[in-house]
Amino acid sequence: MPIEYQVKVSTGGDDLVRMKIAGDITFKAFLKNVEEALSLPDDMCVDKCRYFDEDGDRILLKNEKQFKNALQEFTEKQRFKIEVHKSDIISRDQLITKVLTDYREYLEDRSKYHFGYPYNLHYDHEEIFDVMKYSINNLGDPFVESNYGVHSRRFELDVLAFFAEMWQIPEGDYWGYVTSCGTEGNLHSILCAREMQPDGVLYASKDSHYSVFKACKFYRMPYEVVASKPSGEMDYEDFSKCLNQHPGKPAIIVANIGTTVKGAVDSVDTIIKTLEDHGIPEDKRVIHCDGALYALMLPFMEQFEQVNFTKKIHSMCVSGHKFLGCPMPCGVVIARKANIEKVSERVEYLNSVDTTIMGSRNGHAPIFLWYSLQKGGFEELQKKVKLCHANARLLFTMLKDRNIKALLNDRSTTVVLSRPPEAFVKHWQLACEGEIAHVVVMPNVTVEKIVQFVGELEEAFKGTWVAYHQDGGENPSCNKDVYTT
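Residues numbered from 1 in each chain as written. Predicted model: local features only at pLDDT ≥ 70, side-chain atom pairs only at ≥ 80, totals over all residues. Heavy atoms only, no water.

### Digging into a nonpolar patch on the surface
Argument step 1. Residues Tyr103, Tyr106 and Leu107 make up a contiguous nonpolar surface patch of roughly 320 Å² in combined accessible area.
Argument step 2. With respect to the secondary-structure elements, Tyr103 resides in helix α3 (residues 92–112).
Argument step 3. Overall, Tyr103 belongs to the partly exposed group, its relative accessible area being 46%. (Patch = residues over 30% accessible without salt bridge, like charges linked within 9 Å, V, L, I, M, F, W, Y side chains within 5 Å. Areas by Shrake-Rupley, 256 points an atom, 1.4 Å probe, with all protein chains shown as cover. Salt bridge = Lys/Arg side-chain N within 4 Å of Asp/Glu carboxyl O. Helix = DSSP H or I, 4+ residues; strand = E, 2+ residues; numbered from the N terminus. Buried < 20%, exposed > 50% of the residue type's maximum accessible area, 1.4 Å probe, protein only.)

### Topic: unusual backbone geometry
Argument step 1. A positive phi angle is found at Ser39, which is not glycine, with a value near 55°.
Argument step 2. For Ser39, the location among the structural elements is in the loop between α1 (27–37) and β3 (44–46).
Argument step 3. Even without being glycine, Arg220 reaches a positive phi, approximately 55°.
Argument step 4. Judged by its relative accessible area of 78%, Arg220 falls in the exposed class.

### Description of the sheet that holds strand β20 (residues 436–440)
Argument step 1. If you walk across this open sheet you meet the four strands as β17-β18-β20-β19, and the pairing is antiparallel. The outermost strands of the open sheet, each flanked by one partner alone, are β17 (406–408) and β19 (431–433). In this sheet, neighbouring strand axes are inclined to one another by 25° on average, regardless of whether the strands run parallel or antiparallel.
Argument step 2. Pairing geometry for β17 and strand β18 (residues 414–418), over three bridges, is antiparallel. Bridging across to β18, Ala406 finds its partner in Leu417. (Pairing = 2+ DSSP bridges. Axes fitted to C-alpha atoms, helices over the stretch in contact; angles between N-to-C directions.)

### Things to note about the environment of Val131
Argument step 1. Secondary-structure assignment places Val131 in the loop between α3 and α4 (153–166).
Argument step 2. Val131 sits 69 residues away from Lys62 along the chain, and the two C-alpha atoms are 36 Å apart.
Argument step 3. For Val131, the residues in contact, after removing those within four places along its chain, are Ile136, His364, Ile367 and Phe368. (Contact = heavy atoms within 4.5 Å.)

### Looking at the packing of helix α5 (residues 182–196) against helix α6 (residues 210–219)
Argument step 1. Here α5 crosses α6 at 45°, and the two axes come no closer than 9 Å. The pairing of α5 with α6 is recorded here as oblique in orientation. Judged by the twist between their axes, the crossing of α5 over α6 is right-handed. Contact residues: α5 offers Thr183, Asn186, Leu187, His188, Ile190, Leu191 and Arg194, while α6 offers Ser211, Val212, Ala215, Phe218 and Tyr219.
Argument step 2. When the residues that make up the contact of α5 with α6 are grouped by side-chain class, the tally is seven nonpolar, four polar and one charged. (Parallel < 35°, antiparallel > 145°, perpendicular 65-115°, else oblique. Left-handed = near helix turned anticlockwise from the far one by under 90°. Nonpolar A, V, L, I, M, F, W, Y, C, P; charged D, E, K, R; others polar.)

### Digging into the packing of aromatic side chains
Argument step 1. Here the structure, examined in full by the defined rule, presents 20 aromatic pairs.
Argument step 2. A ring pair is formed by Phe155 and Trp370, whose centres lie 4.9 Å apart and whose planes are at 80°; its orientation type is edge-to-face. Here the residue Phe155 occupies a position in helix α4, and Trp370 occupies one in helix α10 (residues 364–401), the gap between them amounting to 215 residues.
Argument step 3. Its relative accessible area of 18% is what places Phe155 among the buried residues.
Argument step 4. A centroid spacing of 5.8 Å and a plane angle of 75° characterise the contact between Tyr203 and Phe239, whose relative ring orientation is edge-to-face. (Phe/Tyr/Trp six-rings, centres within 6.5 Å; stacked < 30°, edge-to-face > 60°.)

### Looking at the side chain of Arg110
Argument step 1. On the secondary structure map, Arg110 appears in helix α3.
Argument step 2. With relative accessibility at 18%, the residue Arg110 sits in the buried group.
Argument step 3. A polar side-chain atom of Arg110 sits 3.3 Å from the main-chain carbonyl oxygen of Lys426.
Argument step 4. With residues up to four places along the chain from it excluded, the contact list for Arg110 reads Lys426, His427 and Gln429. (Polar contact = N/O pair within 3.5 Å; in protein donor to acceptor, adjacent residues only side chain to side chain.)

### Examining the sheet that holds strand β8 (residues 174–179)
Argument step 1. The strand order β8-β14-β13-β12-β11-β9-β10 describes an open sheet built from seven strands, whose pairing is mixed. For this open sheet the edge positions go to β8 and β10 (223–226), each flanked by a neighbour on one side alone. Strand-to-strand twist across the sheet, computed as the mean angle between neighbouring axes with direction ignored, equals 15°.
Argument step 2. One ladder, built from six bridges, connects strand β11 (residues 251–256) with strand β12 (residues 285–290); its direction is parallel. Across the sheet, residue Ala255 finds its bridge partner in β12, namely Cys289.
Argument step 3. With respect to the sheet, α6 is in contact with β9 (201–205), β10 and β11, its orientation differing from that of β9 by roughly 160°.
Argument step 4. Contacting β9, β10 and β11, helix α7 (residues 236–244) runs over the sheet at an angle of about 160° to β10.

### Concerning a positive patch on the surface
Argument step 1. Taken together, the side chains of Lys8, Arg18, Arg79 and Lys81 present a region of like positive charge at the surface.
Argument step 2. Among the structural elements, Lys81 can be located in strand β6 (residues 79–83). (Lys, Arg positive; Asp, Glu negative; His and termini not counted. Charge placed at Lys NZ, Arg CZ, Asp CG, Glu CD.)

### Considerations on the confidence of the model for the protein chain
Caution applies to low-pLDDT parts of the model: their predicted coordinates are not meant to be read in detail.
Argument step 1. Per-residue confidence for the protein chain gives a mean pLDDT of 90, with 92% of residues at or over 70.
Argument step 2. Within the model, the stretch residues 465–485 combines pLDDT values under 50 with 44 contacts to residues more than four positions away or in other chains. (pLDDT = per-residue confidence, 0-100.)

### Section: the pairing of β11
Argument step 1. With respect to burial, β11 is a largely interior element, six of its six residues being buried.
Argument step 2. The alternating pattern of β11 places Ala251, Ile253 and Ala255 and Ile252, Val254 and Asn256 on opposite faces, both of which are buried.
Argument step 3. Note that β9 and β11 share three bridges and pair parallel. Across the sheet, Tyr203 pairs through a bridge with Ile253, a residue of β11.

### So, the pattern of salt bridges
Argument step 1. Taken as a whole and judged by the stated rule, the model has 22 salt bridges.
Argument step 2. Residue Glu35 is joined to Arg92 by a salt bridge in which the shortest nitrogen-to-oxygen separation is 3.4 Å. Here Arg92 lies in helix α3 and Glu35 lies in helix α1, a separation of 57 residues in the sequence.
Argument step 3. A relative accessible area of 8% means that Glu35 is categorised as buried.
Argument step 4. Between Asp88 and Lys48 there is a salt bridge, with its nearest N and O atoms 3.5 Å apart. Here Asp88 is found in the loop between β6 and β7 (89–91), whereas its partner Lys48 is found in the loop between β3 and β4 (49–52), with 40 residues between them in sequence.
Argument step 5. Each of Asp47, Lys48, Arg50, Asp88, Lys98 and Asp102 takes part in salt bridges that share partners, so that together they form one network.

Written out as structure tokens, the structure is:
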């Protein structure tokens, strides 16, 4: 049974109100009890209070952590006294304003130290903020207008046309939609693949995004996890061995255009050649390209092997909130139009066609994506790609110069390093996997921020063999540098 506390509530002077609380109560519920004990009107509330410690000092209570610490201090006595000042009692409207103000300050602070996840925080959509007051819903197929008139299909179709042009699939041959995120793009593409090849086996490298294997579980599809090279790229010899385990079976392949942790790009050409070597014909295979981040960057790196619809792929998806930047998670999936028929169904209620994973779809996201593309276009995207690559190379070089083990794939802006101490990880919001962490260099990651990051990282790593190898030790998680100039 939870401990029960005897509480005295003072509002100044000798006025006391007595109440009982359970030891497992939350701070929010505690304040509610205080409000009831003080008989406050419904439009007033207690924002914070103070308690007297064992030395008689007043200690401020304004969040859950402080409240739990106070309860812990008085566990043996099971009673404590709190004090509520007049300034601690505010109106509900004042509380709402205060909560939002505090949250804005929190967001501003956390956005300063955002290095581990591939989100571009450098954007300005203020000109279109007024569209947020409308309930914009793109329910149904983007190419088939429904009875719901408050939609943004014209913007969505423009966005799709942009990506179709960039990924080189002719008008009239493609279908697609603006998704809620990259995961939805994978879910939709793998669903189409299963409908095209019901007896197929899905193959994806172990460095693939977790949503790929989630889709297999959703759809009850057999799959093989293909080994990866140290760089994160698919191991094509192991891919060949996996194909041998399922002779005569159709193959569904997810090719990574930038793996989640190491930013590695699978070679679609090598995948296709391997399928051909195994005698798997075109009508018995489906290739989906998961390009959550790099499918929007690779087209501007002409020196590398390109991945687009001039090759024998069936679908590609990308996240809209990553490299491009958007205030809400979103994405784009493009597929060959002929392959969508198997997941299409007319819905009278919508007066449209059900072809998407979601029914109701965010109509604001296409407007924000369209705005970013219209403001920048291909030329601006190319500049940002070059900037990110230059800054990623700078970070990689600075780490190597300080004997901090690091990895950077040649087409990537993801710099992998040994996992720093946990406090540093939390502060810089690094994504980690086992003994490694990474920094994803986006347009908002400036040279000044990189210098600050490396300086603090060097301090955090001092005295730890994980990062420094003067003794000749080897960190198995980052034991190969694959950076190419």
